[in-house]
Amino acid sequence: MTPLISSGARPLVCAAGTVLFRPDDACSGFVMLTEGSIRVSLTSPGGREIVLYRVHPGDVCLQTFTCLAEGRVYSAEGVAETELKGELIPPAEYERRLASDPDFRRTVFMAVAHRFADFEHLVESLASASIESRLAEALLARADAGGDVHLTHDALAAEIGSAREVVSRQLARFERARLVALSRGKVTLLAPAALKQKAAGH
């Protein structure tokens, strides 16, 4: 990302679990992360949550970009998944940089373009991919170096836009096939290569 101009920006430090914005909140500024991850999710009127995307260093939050561009309030929720470090650029300073700094403007627009590509993948996955392949892909994406996924069934359901019961049934199938081992709040990947085939629809 383009180096930040210190004047006009505020340091941002948040603990994991901090809610950065909720639906109907006004936008307080443009976040540029140097460390950490923000999970942005949407909850349906029926209470089902789906993770829209994550914001990492170098990424742009589309919700924030849209709010600043159109003067809208947030329609989703953003939560710090880990401790966050970065800077918050107030709206007026963000507009000034966007208008006067070509490098900053180019960086922002390129990041927005990449984020829209992520959205296209999400929509395509929800429209065409099976629960089996979406869950396999989510498990592979969220596994740590030891092959463990520290997420509940509810959280995994939010990752793939499905119901907890559906995810639990599919995880049980994976366990019977010896692809994973299940324990409370954790899924251990036993056969990552086979899960990659499932994720690819094979």
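All residue numbers here refer to positions counted from 1 along the written sequence of the relevant chain. Given that the model is predicted, a residue must reach a pLDDT of at least 70 before its local features are reported, and side-chain atom pairs must reach 80 or more before they are shown or counted; all residues, however, enter totals for whole chains, interfaces and linings. Side-chain measures here rest on the full set of heavy atoms in the structure, leaving out hydrogens and waters.

1. Quick look at the overall build of the protein
Argument step 1. Strands here are runs of E lasting at least two residues and helices are runs of H or I lasting at least four, both read from the DSSP assignment and numbered beginning at the N terminus. If you tally the helices and strands in the protein, you get seven helices and 10 strands.
Argument step 2. With respect to the three principal axes, the spread of C-alpha positions in the protein is 60 × 35 × 30 Å.
Argument step 3. Exposure classes here rest on a 1.4 Å probe applied to the protein chains alone. A residue is buried below 20% of its type maximum, exposed above 50%, and partly exposed in between. Classification of the 202 residues of the protein by burial places 41% in the buried group.
Argument step 4. Partitioning the intrachain contacts of the protein with sequence separation of at least 6 by distance along the chain shows that 67% fall at a separation of at least 24.
Argument step 5. Here the protein has roughly 10700 Å² of accessible surface; of this, 53% comes from carbon and sulfur atoms.
Argument step 6. Counted charges follow a simple rule, with Lys and Arg positive, Asp and Glu negative, and His plus the chain ends left uncounted. Taken as the charge centre is NZ of Lys, CZ of Arg, CG of Asp or CD of Glu, depending on the residue. Here the protein contributes 23 positive and 25 negative side-chain charges, whose respective centroids are spaced 6 Å apart. The criterion used for residue contact is that any of the two residues' heavy atoms lie within 4.5 Å. To measure how exposed things are, a 1.4 Å probe is used in the Shrake-Rupley method; for residues, cover is taken only from the protein chains shown.

2. Regarding unusual backbone geometry
Argument step 1. Phi at Asp24 is positive, roughly 80°, even though this residue is not glycine.
Argument step 2. Note that Asp24 resides in the loop between β2 (19-21) and β3 (30-35).
Argument step 3. Look at Asp24 and you get exposed, because its relative accessible area is 62%.
Argument step 4. The phi dihedral of Arg178 is positive, around 60°, even though this residue is not glycine.
Argument step 5. The residue Arg178 is located in the loop between α6 (164-176) and β9 (180-183) in this model.

3. Observations concerning the sheet that holds strand β4 (residues 38-43)
Hydrogen bonds between backbone atoms are what pair the strands of a sheet, whose relative direction is either parallel or antiparallel.
Argument step 1. Across the sheet, four strands lie side by side as β2-β6-β4-β5; this open sheet has antiparallel pairing. Each end of this open sheet is capped by a strand with a single partner; those strands are β2 and β5 (49-55). Strand-to-strand twist of the sheet, defined as the mean angle between neighbouring strand axes without regard to direction, takes the value 30°.
Argument step 2. Here, a strand pair is defined by DSSP locating no fewer than two bridges between the strands. Bridge count between β4 and β5: six bridges; the pairing is antiparallel. When the sheet's bridge partners are listed, Leu42 is paired in β5 with Ile50. All axes are obtained by fitting lines to C-alpha atoms, using only the stretch in contact for helices, and the reported angles, taken between N-to-C directions, cover 0 to 180 degrees.

4. Details of the layout of surface pockets
Argument step 1. Of the pockets and cavities examined, the second largest pocket occupies roughly 190 Å³.
Argument step 2. Mapped by element, the contributors of at least two residues to the lining of the second largest pocket are β1 (10-14) and β2.
Argument step 3. Gly counts as polar in this scheme, as do all residues outside two lists: the nonpolar Ala, Val, Leu, Ile, Met, Phe, Trp, Tyr, Cys and Pro, and the charged Asp, Glu, Lys and Arg. Each residue belonging to the lining of the second largest pocket can be placed in one class, and the counts come to 11 nonpolar, three polar and one charged. A 1.4 Å probe that fits into a set of points on a 1 Å grid over the protein atoms alone but cannot get out defines a cavity; an open set with protein on both sides within 12 Å along at least five of seven lines defines a pocket, and lining residues are those with an atom within 4 Å of a point. Grid points are joined across faces, edges and corners, and a volume is the space filled by probe spheres set on the points.

5. Some words on the packing of aromatic side chains
The relation between two aromatic rings is expressed through the spacing of the ring centres and the mutual angle of the planes.
Argument step 1. Between 30 and 60 degrees the pair is tilted, below 30 it is stacked and above 60 it is edge-to-face, where a pair is any two Phe, Tyr or Trp rings, Trp via its six-membered ring, whose centres lie within 6.5 Å. In this structure the tally under the stated criterion is five aromatic pairs.
Argument step 2. Judged by centre distance (6.3 Å) and plane angle (90°), the ring pair of Phe65 and Phe109 falls under edge-to-face. Of this pair, Phe65 sits in helix α1 (residues 62-70) while Phe109 sits in helix α3 (residues 102-128), placing them 44 residues apart in sequence.
Argument step 3. On the basis of relative accessibility, which here comes to 16%, the residue Phe65 falls in the buried class.
Argument step 4. Centroid distance Tyr94 to Phe104: 6.1 Å. Interplanar angle 75°. Geometry classified as edge-to-face. Placement of Tyr94 in helix α2 (residues 91-100) and of Phe104 in helix α3 is noted, with a sequence separation of 10 residues between them.
Argument step 5. By relative accessible area, which is 2% here, Tyr94 ends up buried.
Argument step 6. Residue Phe104 is classed as buried on the basis of its relative accessible area of 2%.
Argument step 7. In this structure, Arg97 is placed above the aromatic ring of Phe104, and the distance from its NZ or CZ to the ring centre is 6.0 Å. We call a charge positioned over a ring when the NZ of a Lys or the CZ of an Arg lies within 6 Å of the ring centre and within 35 degrees of the ring normal.

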